[in-house]
Amino acid sequence: MNQYVKQYQKSSIETASKEQLLIMLYDGAIQFLNKAKVDIENKHTESAHNNLISAQNIIQEFIDSMDREVAPQLAQNLISLYEYFIRRLIHANVKKDVKPIDEVLSYLKSLKETWEKAIILAQKEQQQSSVDSYKSVNVSDDDYNDDDDDDDDDDYDYDCDEDEEDDED
């Protein structure tokens, strides 16, 4: 791979938000599984094995990075699902069978789509919350009116020519 492409990918990962990283990981797992399917169909067992292991590693990362405190029941359900995916991919790897890969691919694509929708919804809610917070700040026009009658600037003589004439005498 071109070194500039590698640098770009590294930079993209380092600057990505948590949400973007999640979607990138789903994309990576899906890509590895698609490659593994082609490898199995073409009898490239070593490459199929490596791609299946890479997908399993990503799914394991989903398990390891799961926040179990925010929604414990949801977290446990996702962990169970991810563990099931890993078992199915182990079966696919041992038997060199594409059916379990297709099953996991279907679930991963569906989950990715669900996460994308959830991320968009959360961003909209966050933006609306920001707008609502901004609207709640009440600043009246009177705060910016500068019709202060105590302004002494009107008394100041800006014409300096008189002083210069006095100096010439």
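Below is a summary of the structure that appears in this document. Per chain, the residues get numbers from 1 upward, laid out in the order the sequence is written. This being a predicted model, a pLDDT of at least 70 is required before a residue's local features are given, and a value of 80 or more before pairs of side-chain atoms are given or counted; all residues contribute to the totals for chains, interfaces and linings. Only heavy atoms go into the side-chain values, all of them from the structure, while hydrogens and water stay out.

### A short note on the side chain of Asn51
What counts, and what does not: What counts as a helix is a DSSP run of H or I of at least four residues, what counts as a strand is a run of E of at least two, and both are numbered from the N terminus. Residue contacts follow a heavy-atom distance rule, with two residues in contact if any of their heavy atoms lie within 4.5 Å.
In this fold, Asn51 is placed in helix 3 (residues 45-64). Ignoring any residue separated from it by four or fewer positions in sequence, one finds Asn51 in contact with Phe32, Lys35, Ala36 and Asp39.

### Notes on unusual backbone geometry
Applied cut-off: Accessibility here uses a 1.4 Å probe with only protein chains present; expressed as a share of the type maximum, an area under 20% marks a residue as buried, one over 50% as exposed, and anything in between as partly exposed.
Its identity as a non-glycine residue notwithstanding, Lys43 has a phi of 60°, on the positive side. With respect to the helices and strands, Lys43 occurs in the loop between helix 2 (18-41) and helix 3. Here the phi dihedral of Lys96 falls at roughly 50°; this positive angle occurs in a residue that is not glycine. With respect to the helices and strands, the residue Lys96 is situated in the loop between helix 4 (72-95) and helix 5 (98-136). With relative accessibility at 28%, the residue Lys96 sits in the partly exposed group.

### Some points on the packing of aromatic side chains
Aromatic ring pairs are described here by two measures, namely the spacing of the ring centres and the angle between the planes. Put simply, the rule is: Within 6.5 Å between ring centres, the rings of Phe, Tyr and Trp (the latter by its six-membered ring) count as paired, and their orientation is classed by plane angle as stacked under 30 degrees, edge-to-face over 60, tilted in between.
For the structure shown, the criterion picks out four aromatic pairs. Seen in terms of ring centroids, Phe62 and Tyr82 are 5.1 Å apart; in terms of plane orientation they differ by 35°. Their pairing is tilted. Placement of Phe62 in helix 3 and of Tyr82 in helix 4 is noted, with a sequence separation of 20 residues between them. Judged by relative accessible area, which is 5%, Phe62 ranks as buried. Ring centres of Phe85 and Tyr107 lie 5.6 Å apart, and the angle between their planes is 20°; on these two criteria the pair is classed as stacked. Placement of Phe85 in helix 4 and of Tyr107 in helix 5 is noted, with a sequence separation of 22 residues between them. The exposure class of Phe85 is buried, given its relative accessible area of 0%. On the accessibility criterion, Tyr107 (38% relative accessible area) is partly exposed. Through successive ring pairs, a cluster of aromatic residues spans Tyr26, Phe62, Tyr82, Phe85 and Tyr107.

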